[in-house]
Amino acid sequence: MMPGKWSTAFTQQQKAWLRRVAPHLVSSLLNWWQRHGRRDLPWRLLPDGRQPGPDDLLPVYPVWVAEVMLQQTRLTVALPFWRRWRSRFPDLESLAAASRQEVLHCWQGLGYYVRARRLHEAAIRLAAAGRSLPTDRAGLEQLPGLGRTTAAAIAATVGNSPDPILDGNVQRVLARLLAFPAPPRQAGPLFWTMVELLLDHRGARDFNQALMDLGALVCRPRAPLCQGCPWQSHCHAYGKGIQRQLPVRQAPAPIPRVMVGVGIVLDHRGKVLIGQRQPDGLLGGLWEFPGGKQEPGETMAETVARELQEEVGLTVAAGPELLRFDHAYTHRRLTFAAYLCRVLAGEARPVASQQVAWVWPRDLRHYPFPAAHARMVQALGEHLGGA
DNA sequence: GATCCGTGGGG
DNA sequence: TCCCCAAGGAT
């Protein structure tokens, strides 16, 4: 049995245990994966749709895009975006030649927009140097947006190189296998050492996929399916009956709740005012309707009028309310209230934004919007269409 | 090392 | 309705 004292490195006893069980873990994992794993992921297939053999090389561009999309995003969510992206930007050259707006527009709805900006930046940088995408982990890790896990996932998928990964799935599997008594990030290099020791020398393509599939399909966050797990007899969390309590979570920070007033400003021609957010930071480079947080003592209509004065220098009459809805970010909960507004005085100018634009409502669909504002675009279209 | 960065589905 | 949280990286 494995000793239960943990530091940031394995003890000699723990390492000996790991070396002893590693062959059984690997063989039972790959055996399970052959029967139950996901072997039809499109970026893991040869261009003609066949399963690659150990020595086959896969095209790196689609794998790169897929792995970046899958950062902090579920497979079922990312897949349709990946197909659309490949149709819109089929290769590195077409991506490098695209505008920031086109790139963000294609990414709209997927979230974490800095990922799209970094894909674009990498493509431009490579194209300017006359280089193609690297296929080794070290080379990939130099690209913006790629850390060790994503670079390793790409390299192993493309060339079956011996590069293990340590994503959220793998961390959860290891935390339970070892019954690790602290949040996984406190494990330091311990988990990396473990995946390196486990790694099959024949390559990491199927090994990485199998380990992620085990986490996603069996060793699930909420309700793990231990009766179908190939590692059940080795799992210390299962042995203690504490698999549902692991991995240990950090205490979540309290989430502030904010009311946001938004102005849908129509001019005398029927054009609507939008502004483009600053290039970096939250929702960087996306477009939105002007607005902001409600302050104490304000009605929502007063909030909208004040924000429009401050943000774009317009004096407006705010009302009626077009729609109201809740929207949650990871660290904030917002209630949006959108007001139809008409201009009383002033010329719209960018104060806190990159630029402002008056746009025909039917052209709004050509601009990238955050999900909450895309919802307001939809509501405006229905409002105008029904009138 | 703690924090920031989106969105949508599931329990 | 509410909370959880996902194929992480950069600062």
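We now turn to the structure provided with this report. None of these values were measured; they are calculated from a predicted model.

1. Some remarks on the protein's contact with DNA strand C
Argument step 1. Inspection of the region around DNA strand C gives 26 residues, with Leu70, Arg74, Thr150, Asn169 and Arg249 positioned closest.
Argument step 2. Sugar plus phosphate: this is where 68% of the atoms of DNA strand C within 4 Å of the protein reside.
Argument step 3. For DNA strand C, a sugar or linking oxygen lies 2.8 Å from a polar atom in the side chain of Asp167.
Argument step 4. Taking Arg222, its side chain carries an N or O atom lying 2.9 Å from a sugar or linking oxygen of DNA strand C.
Argument step 5. Taken together, the elements giving at least two residues each to the surface near DNA strand C come down to helix 8 (148-159), helix 9 (168-177) and helix 11 (205-218).
Argument step 6. Of the residues assigned to the surface near DNA strand C, the class counts are seven nonpolar, nine polar and 10 charged.

2. Some points on the state of the cysteines
Argument step 1. One pass over the structure, following the stated rule, counts zero disulfides.
Argument step 2. For Cys226, which is in no disulfide, the shortest distance to another cysteine sulfur is to Cys235 and amounts to 6.4 Å.
Argument step 3. Residue Cys226 is classed as buried on the basis of its relative accessible area of 12%.

3. Examining the protein's contact with DNA strand B
Argument step 1. Residues in contact with DNA strand B amount to 20 residues; listed here are only the nearest, Tyr113, Leu283, Ala328, Thr330 and Ala371.
Argument step 2. What you see for DNA strand B is that sugar and phosphate hold 50% of its atoms within 4 Å of the protein.
Argument step 3. A distance of 3.5 Å is found between a base nitrogen of DNA strand B and a backbone nitrogen or oxygen belonging to Leu110.
Argument step 4. Between a phosphate oxygen of DNA strand B and a main-chain N or O atom of Leu283, the distance comes to 2.5 Å.

4. Here's the deal with helix 2 (residues 60-69)
Argument step 1. Most of helix 2 is tucked away: 10 of the 10 residues are buried.
Argument step 2. Of all the positions in helix 2, only Val60, Tyr61, Pro62, Val63, Trp64, Val65, Ala66, Glu67, Val68 and Met69 are classed as buried.
Argument step 3. Buried residues along helix 2 sit in contact with helix 3 (75-88), helix 4 (92-97), helix 5 (100-107), helix 6 (114-128) and helix 8.

5. Some thoughts on the environment of Arg19
Argument step 1. Assignment of secondary structure puts Arg19 in helix 1 (residues 12-36).
Argument step 2. With relative accessibility at 53%, the residue Arg19 sits in the exposed group.
Argument step 3. Spatially, the C-alpha atom of Arg19 lies 8.1 Å from that of Leu198, the residues being 179 residues apart in sequence.

6. Observations regarding the pattern of salt bridges
Argument step 1. Considering all chains together, one arrives at 14 salt bridges under this definition.
Argument step 2. Between Asp48 and Arg50 there is a salt bridge, with the nearest N and O atoms lying 3.0 Å from each other.
Argument step 3. The residue Glu298 makes a salt bridge to Arg306 at a minimum N-O spacing of 2.4 Å. Assigned by exposure class, Glu298 and Arg306 land together as buried.
Argument step 4. Via salt bridges that share partners, Glu298, Arg306, Glu307 and Glu310 belong to a single interconnected network.

7. Considerations on the pairing of strand 6 (residues 333-345)
Argument step 1. Pairing geometry for strand 1 (residues 257-266) and strand 6, over 10 bridges, is parallel. Bridge pairing in strand 6 links Met259 to Thr335.
Argument step 2. Sheet analysis places strand 5 (residues 315-328) next to strand 6, joined by 11 bridges and oriented antiparallel. Considered in strand 6, the bridge of Leu323 is made with Ala338.
Argument step 3. Here strand 5 folds back onto strand 6 in antiparallel fashion, the turn holding four residues.

8. A closer look at empty space enclosed by the protein
Gaps between atoms show up when a probe of the same size as a water molecule is rolled over them.
Argument step 1. The tally for this structure, following the rule as stated, stands at two cavities of 30 Å³ or more.
Argument step 2. Volume-wise, the largest cavity comes out at about 130 Å³.
Argument step 3. Taken together, 14 residues line the largest cavity, and the ones lying closest to its centre are Arg176, Cys219, Cys226, Cys229 and Cys235.
Argument step 4. Breaking the lining of the largest cavity down by element, the ones donating at least two residues are helix 9 and helix 11.
Argument step 5. Broken down by element, the lining of the largest cavity gets its largest block of residues, three residues, from helix 9.
Argument step 6. When grouped by side-chain class, the residues that make up the lining of the largest cavity number 11 nonpolar, two polar and one charged.
Argument step 7. The computed volume of the second largest cavity comes to approximately 50 Å³.
Argument step 8. Forming the walls of the second largest cavity are Arg44, Glu67, Ala153, Ala156, Thr157, Ile165, Ala204, Arg205, Asn208, Gln209 and Met212.

What counts, and at which threshold
Residues numbered from 1 in each chain as written. Chains lettered and ligands numbered in written order. Predicted model: local features only at pLDDT ≥ 70, side-chain atom pairs only at ≥ 80, totals over all residues. Heavy atoms only, no water. Near = heavy atom within 4 Å. Polar contact = N/O pair within 3.5 Å; in protein donor to acceptor, adjacent residues only side chain to side chain. Helix = DSSP H or I, 4+ residues; strand = E, 2+ residues; numbered from the N terminus. Nonpolar A, V, L, I, M, F, W, Y, C, P; charged D, E, K, R; others polar. Disulfide = S-S within 2.5 Å. Buried < 20%, exposed > 50% of the residue type's maximum accessible area, 1.4 Å probe, protein only. Contact = heavy atoms within 4.5 Å. Salt bridge = Lys/Arg side-chain N within 4 Å of Asp/Glu carboxyl O. Pairing = 2+ DSSP bridges. 1 Å grid on protein atoms, 1.4 Å probe; cavity = no way out; pocket = protein on both sides within 12 Å on 5 of 7 lines; lining within 4 Å. Points joined across faces, edges and corners; volume = space filled by probe spheres on them.

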